[in-house]
Amino acid sequence: MTDTTVNTSMQSDEDEPDLIALLGSRLCHDLVSPIGAIGNGLELLELSGGGSEEMALIRGSLDAALARISFFRLAFGKAGPDAVIGAREMRDVLGAMYKDTRTRIRWMDEEDRPRPEMRLACLALNCLEVATPWGATVEVTRNPNAWVFHVDAKRLKIDAPLWQGLGRGVLPTDLKGSEVQFGILARDCRRLRRPISVSADETHLSLLV
């Protein structure tokens, strides 16, 4: 019998596949097909004269779900090093996702960027959602070394240990499922040797990634 025992101690963490990113890609892929099928069925109903208010609500919810899946694919999916995401595509995804919310994203960067860079931006935006449950205006720019996010809101929800931990790169061990993006962003920035800077008060937050 052939010995198939593998010496796992020979493989470092950096050599291992990013299972979290692969899981994100798999979930987004599996969700797109059935939701897309619902969209096709909805189009048929609309063509047959079913343009009621109820149908409009369903359409709005469906479009928002598809936009969020596209966003999650960028934020949590596998980011191939050679893939490039256009600025227009990012604006389209963010515009659709936040269309019926109280948050407005002003994506000021005009450059197409490698997908790993866009992944960092999406993870950062997902972190900012935690601080802006009542809505905000978020301006996204890019300097030569980092993404820059400026948030203005009437009121922010700042979990100090969470944001301080993100800035230091050491997060609480009891992260909630709704906060997983903080852990992934901190891990990715450590791997890329990218510092994270956070400053916030009751109505303003600045984040450099």
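Below or above, wherever it landed, is the structure these notes cover.

Analysis parameters
Sequence positions are assigned chain by chain, starting from 1 and proceeding in written order. Local features in this predicted model are restricted to residues of pLDDT 70 or higher, and side-chain atom pairs are both shown and tallied only at a pLDDT of 80 or more, whereas totals for entire chains, interfaces and linings draw on every residue. To get the side-chain values, all heavy atoms of the structure are used, and hydrogens and water are removed first. Secondary structure elements follow DSSP: runs of H or I no shorter than four residues count as helices, runs of E no shorter than two count as strands, and numbering proceeds from the N terminus. Relative accessible area decides the class of each residue, using a 1.4 Å probe on protein chains only: under 20% of the type maximum gives buried, over 50% gives exposed, and in between gives partly exposed. Note on contacts: a residue pair is in contact if any heavy atoms of the two residues lie within 4.5 Å. The rule for a disulfide is simple: a pair of cysteine sulfur atoms within 2.5 Å. Two strands form a pair only when DSSP identifies at least two bridges running between them. Contacts described as polar in this section are N or O atom pairs within 3.5 Å, which, within protein, must combine one atom able to donate a hydrogen with one able to accept it, while residues neighboring in sequence count only if both atoms come from side chains. Here an angle of 0 to 180 degrees is reported between the N-to-C directions of two axes, which are lines fitted to C-alpha atoms, with helices fitted over the stretch in contact. For any pair of crossing helices, the crossing counts as left-handed if the nearer helix is rotated counterclockwise from the farther one by less than a right angle, and right-handed if it is rotated clockwise. Under the convention adopted here, Pro, Cys and the residues Ala, Val, Leu, Ile, Met, Phe, Trp and Tyr are nonpolar, Asp, Glu, Lys and Arg are charged, and Gly plus all remaining residues are polar. The set of buried Ala, Val, Leu, Ile, Met, Phe, Trp, Tyr and Cys residues whose side-chain atoms join them within 4.5 Å is what this entry labels a nonpolar core. In what follows, salt bridge is the name for a side-chain nitrogen of Lys or Arg lying within 4 Å of a carboxyl oxygen of Asp or Glu. Each Phe, Tyr or Trp ring (for Trp, its six-membered ring) is paired with any other whose centre lies within 6.5 Å, and the angle between the two planes then decides the class: stacked below 30 degrees, edge-to-face above 60, tilted in between. For a ring to carry a charge above it, either NZ of a lysine or CZ of an arginine must fall within 6 Å of the ring centroid while also lying within 35 degrees of the normal to the ring plane.

1. Notes on the overall build of the chain
Part 1: Across its full length, the chain holds 6 helices and 7 strands.
Part 2: Along the chain, helices and strands appear, N-terminal first, in the series α-α-β-α-β-β-α-β-β-α-α-β-β.
Part 3: By the burial criterion, 37% of the 209 residues in the chain qualify as buried.
Part 4: Partitioning the contacts of the chain with sequence separation of at least 6, the portion at a separation of at least 24 is 68%.

2. Digging into the state of the cysteines
Part 1: Counted by the stated rule, this structure contains 0 disulfides.
Part 2: Summary of cysteine pairing: Cys127 is not part of a disulfide, and the nearest cysteine sulfur, belonging to Cys189, is at 9.3 Å.
Part 3: For Cys127, a relative accessible area of 0% translates into the label buried.
Part 4: On the accessibility criterion, Cys189 (1% relative accessible area) is buried.

3. A look at the pairing of strand 5 (residues 147-152)
Part 1: Across 6 bridges, strand 4 (residues 137-142) lies against strand 5 in antiparallel orientation. Counterpart to Arg142 in the pairing with strand 5 is Trp147.

4. Describing the side chain of Thr132
Part 1: Positionally, Thr132 belongs in the loop between helix 4 (115-131) and strand 4.
Part 2: A polar contact of 2.9 Å, which involves the side chain of Thr132, links it to the backbone oxygen of Leu128.

5. Quick word on unusual backbone geometry
Part 1: For Arg193, which is not glycine, the phi torsion reads 55 degrees and is therefore positive.
Part 2: Its place among the elements puts Arg193 in the loop between helix 6 (180-192) and strand 6 (197-200).
Part 3: The exposure class assigned to Arg193 is exposed, which follows from its relative accessible area of 77%.

6. Topic: the packing of helix 4 against helix 6
Part 1: Their axes nearest at 9 Å, the elements helix 4 and helix 6 cross at an angle of 145 degrees. Pair helix 4 / helix 6 crosses with left-handed handedness. In contact with Arg119, Leu120, Leu123, Ala124, Asn126, Cys127 and Val130 of helix 4, helix 6 contributes Gln181, Phe182, Ile184, Leu185, Arg187, Asp188, Cys189 and Leu192.
Part 2: Class assignment of the residues belonging to the contact of helix 4 with helix 6 gives a composition of 10 nonpolar, 2 polar and 3 charged.

7. Some details on the nonpolar core
Part 1: Residues Trp107, Leu125, Phe149, Leu185 and Leu207 are the most contacted members of the largest nonpolar core, which totals 45 residues.
Part 2: The element best represented in this core is helix 4, accounting for 10 residues.

8. Section: the pattern of salt bridges
Part 1: Scanning the model with the defined rule gives 8 salt bridges in all.
Part 2: As a salt-bridge pair, Glu117 and Arg142 come within 2.4 Å of each other at their nearest N and O atoms. Of the two residues, Glu117 is situated in helix 4 and Arg142 in strand 4; the sequence distance between them amounts to 25 residues.
Part 3: For Arg142, a relative accessible area of 21% gives the class partly exposed.
Part 4: One salt bridge in this structure joins Arg187 and Asp188, with 2.9 Å as the shortest N-O distance. Taken individually, Arg187 and Asp188 each receive the classification buried, so the pair is uniform in this respect.
Part 5: Three or more residues are tied together by salt bridges with common partners; here these are Glu117, Arg142 and Arg194.

9. Focus: the packing of aromatic side chains
In this description, an aromatic ring pair is defined by two values, namely the gap between the centres and the angle between the planes.
Part 1: The tally for this structure, following the rule as stated, stands at 4 aromatic pairs.
Part 2: Centre to centre, the rings of Phe71 and Phe72 are 6.2 Å apart; their planes meet at 55 degrees, and the pair counts as tilted.
Part 3: Judged by its relative accessible area of 0%, Phe71 falls in the buried class.
Part 4: A network of ring pairs unites the aromatic residues Phe71, Phe72 and Phe76 as a single cluster.
Part 5: One cation-aromatic arrangement involves Arg113 over Trp147; the distance from NZ or CZ to the ring centre is 5.9 Å.

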